[in-house]
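# Close look at the chain arrangement
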Amino acid sequence: MPSVFETSSTATPITFVTKSSWDQVAETLPPAQRQFARASAFAAKPGSYLALPATDGTIAQVLFGLEEEDARSRDLFRPGALPGLLPPGTYRFANAPHDARLAALAFALGCYRFARYRKADRPEIRLVPPDSVDAAEIERIADAAMLARDLINTPSNDMGPDELAGAAQALAAEFGASFSCTVGEKLAKNFPLIHAVGMASSRAPRLIDIVWGDPDHPKVTLVGKGVCFDTGGLDLKPSSGMLIMKKDMGGAANVLALARMVMDAKLKVRLRVLIPAVENAVAGNAFRPLDIFTSRKGITVEIGNTDAEGRLVLADALALADEEKPDLLIDLGTLTGAARVALGPDLPPFYTHDETLAADLARCAMRENDPLWRMPLWPPYDAWLDSKTATITNAPSGGFAGSITCALFLQRFVEHAKSWLHVDIYGWTPSAKPARPEGGECQAARAIYALLSERYA
């Protein structure tokens with residue numbers, strides 16, 4: 001993506017104001033501009049915008065309203081609305097918003113447009129980065145987030161398992177990483193659950209594998225759910241539930257975004273990225289309710305519901321990842337409606353037994369405005385996974401604690417990793433907010449990148 005940042009001595013200033021600071025700011029304006037603001041009924045409401053004219057008819061400065069500093073509901077990405085409001089030009093922050101770094105990131109993210117299928121010109125605006133901000137780091141994060149958005153927003157006819165593998169291969173090539181893909185009989189033999197979920201599709205399932213970095217550095221492995229479209233299988237979703245299932249590869253998109261950040265920043269890790277890429281389709285050879293498959297790990301899994309397919313493909317990939325005993329194993333997936341019922345679309349739950357990891361991640365998530373909420377790996381619910389005919393079922397009967405039981409299912413396939421983190425993301429913004437347009441979204445990746453940057457810079 002073209003850079004949103006540039007250096008300029010003639011940039012138009014953006015002055016941030018709140019309702020409580022507006023009177024004081026107004027007194028510093030030239031009389032004509034002050035009168036123009038009052039005539040325009042500008043009151044510094046959050047998100048309000050006003051361009052003040054200079055005597056020659058150009059824009060002298062821009063006023064933009066923010067929440068109060070102590071407001072519980074303040075949106076640190078509020079400045080991300082500016083790219084959709086400002087006329088073409090170069091701008092700078094005349095005073096400090098609540099968080100200059102997040103404001104600059106929001107400004108960059110607010111420039112995103114998905115233009116693959118219809119013209120959607122990117123705003124012709126630039127920002128002089130605040131002195132305190134590392135512009136290269138902001139662009140690194142923004143570019144990765146836009147990669148995730150593009151992958152998720154691309155419809156499934158153009159983003160199947162093969163196309164997702166192509167995007168992963170292009171990323172690997174950009175950073176000199178190794179790339180491999182397991183398909184066909186080799187996949188069926190070594191990754192039975194991935195094969196089972198994807199075998200009904202005319203587009204072959206596969207396991208994508210990227211390796212980057214110094215082998216002597218700590219091993220960090222990322223696993224992302226890559227269900228490129230989910231019909232629900234024979235337990236078919238209703239049309240309303242299928243409508244945005246192009247986003248069901250959001251876990252894969254986000255681990256690729258995270259991998260881009262890690263590799264671009266040259267963090268001191270041996271990075272591995274595993275993506276089981278499948279389409280959960282309906283055909284005569286589709287896997288069925290009550291079928292039983294022996295997973296890569298040797299655990300037999302009874303299919304309680306074919307629409308609980310994400311945990312199946314992740315299970316085989318996690319088993320492979322776990323075999324090399326990584327220092328940190330992280331999986332991301334758009335997995336359960338139960339997580340959305342509990343926490344909504346903007347607050348993904350995460351699970352881990354590592355107390356230090358949990359505390360560090362929660363802190364980073366808050367700092368990065370990339371919210372996450374810890375949920376328990378509650379041992380008494382593990383018995384709900386019991387099957388009468390196999391080791392476990394992928395879909396316990398009853399509707400309780402669906403996100404927790406999914407996490408407990410995945411936990412069965414992680415034995416040797418020093419630390420494991422599971423995140424149940426939504427990967428989608430249902431209605432537009434500043435810096436977050438409706439559609440595919442980068443979730444959890446920024447928070448995890450901040451954590452990895454602290455540990456492995």
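Read on for a plain summary of the structure. Bear in mind the structure is a predicted one, so any value in this text is a computation, not a measurement.

### Some remarks on the sheet that holds strand β5 (residues 125–128)
Sheet strands pair via backbone hydrogen bonds, and the direction of the pair is either parallel or antiparallel. Taken in spatial order, the five strands of this open sheet run β2-β3-β1-β4-β5, and their pairing is mixed. Where the open sheet ends on each side, the last strands, each with one partner, are β2 (49–53) and β5. Direction aside, neighbouring strands of the sheet carry axes that sit 30 degrees apart on average. Pairing of strand β1 (residues 12–17) with strand β4 (residues 89–93), which is carried by three bridges, proceeds in the parallel orientation. Considered in β4, the bridge of T12 is made with Y91. Sheet strands in contact with helix α2 (residues 31–39) are β2 and β3 (59–65), and its direction is about 145 degrees off that of β2.

### Section: the packing of helix α9 (residues 250–264) against helix α14 (residues 445–456)
It is at 9 Å that the axes of α9 and α14 come closest, and there the two elements cross at 35 degrees. The way α9 lies across α14 gives a crossing that is right-handed. Facing N254, L258, M261 and V262 of α9, the residues of α14 in contact are A445, R446, I448, Y449 and L452. Across the contact of α9 with α14, the residue classes break down as seven nonpolar, one polar and one charged.

### Re the pairing of strand β13 (residues 328–333)
With respect to burial, β13 is a largely interior element, six of its six residues being buried. Of the two faces of β13, the one carrying L328, I330 and L332 and the one carrying L329, D331 and G333 are both buried. Bridge count between strand β8 (residues 219–224) and β13: five bridges; the pairing is parallel. In the sheet register, L222 faces β13, and the bridge partner there is I330. One ladder, built from five bridges, connects β13 with strand β17 (residues 420–424); its direction is parallel. Residue pairing across strands places I330 opposite L421, the latter belonging to β17.

### Quick word on the sheet that holds strand β11 (residues 292–294)
One open sheet holds the three strands; their spatial order is β11-β12-β16, and the pairing between them is mixed. Edge positions in the sheet fall to β11 and β16 (392–393), since each of these pairs with one other strand and no more. One ladder, built from two bridges, connects strand β12 (residues 300–302) with β16; its direction is parallel. Paired with E302 across the two strands is T393, which belongs to β16.

### Examining the side chain of T12
Examined against the element boundaries, T12 turns out to sit in strand β1. Setting aside chain neighbours within four positions, we find T12 in contact with I59, A60, Q61, V62, T90, Y91 and R92.

### A closer look at the pairing of β1
Here β1 lies mainly inside the structure; six of its six residues are buried. Here β1 shows no split at all, with T12, I14 and F16 on one side and P13, T15 and V17 on the other all buried. Note: β1 against β3, four bridges, orientation parallel. For I14, the partnering residue across the bridge sits in β3 and is V62.

Criteria and thresholds
- Residues numbered from 1 in each chain as written.
- Predicted model: local features only at pLDDT ≥ 70, side-chain atom pairs only at ≥ 80, totals over all residues.
- Heavy atoms only, no water.
- Pairing = 2+ DSSP bridges.
- Helix = DSSP H or I, 4+ residues; strand = E, 2+ residues; numbered from the N terminus.
- Axes fitted to C-alpha atoms, helices over the stretch in contact; angles between N-to-C directions.
- Contact = heavy atoms within 4.5 Å.
- Left-handed = near helix turned anticlockwise from the far one by under 90°.
- Nonpolar A, V, L, I, M, F, W, Y, C, P; charged D, E, K, R; others polar.
- Buried < 20%, exposed > 50% of the residue type's maximum accessible area, 1.4 Å probe, protein only.

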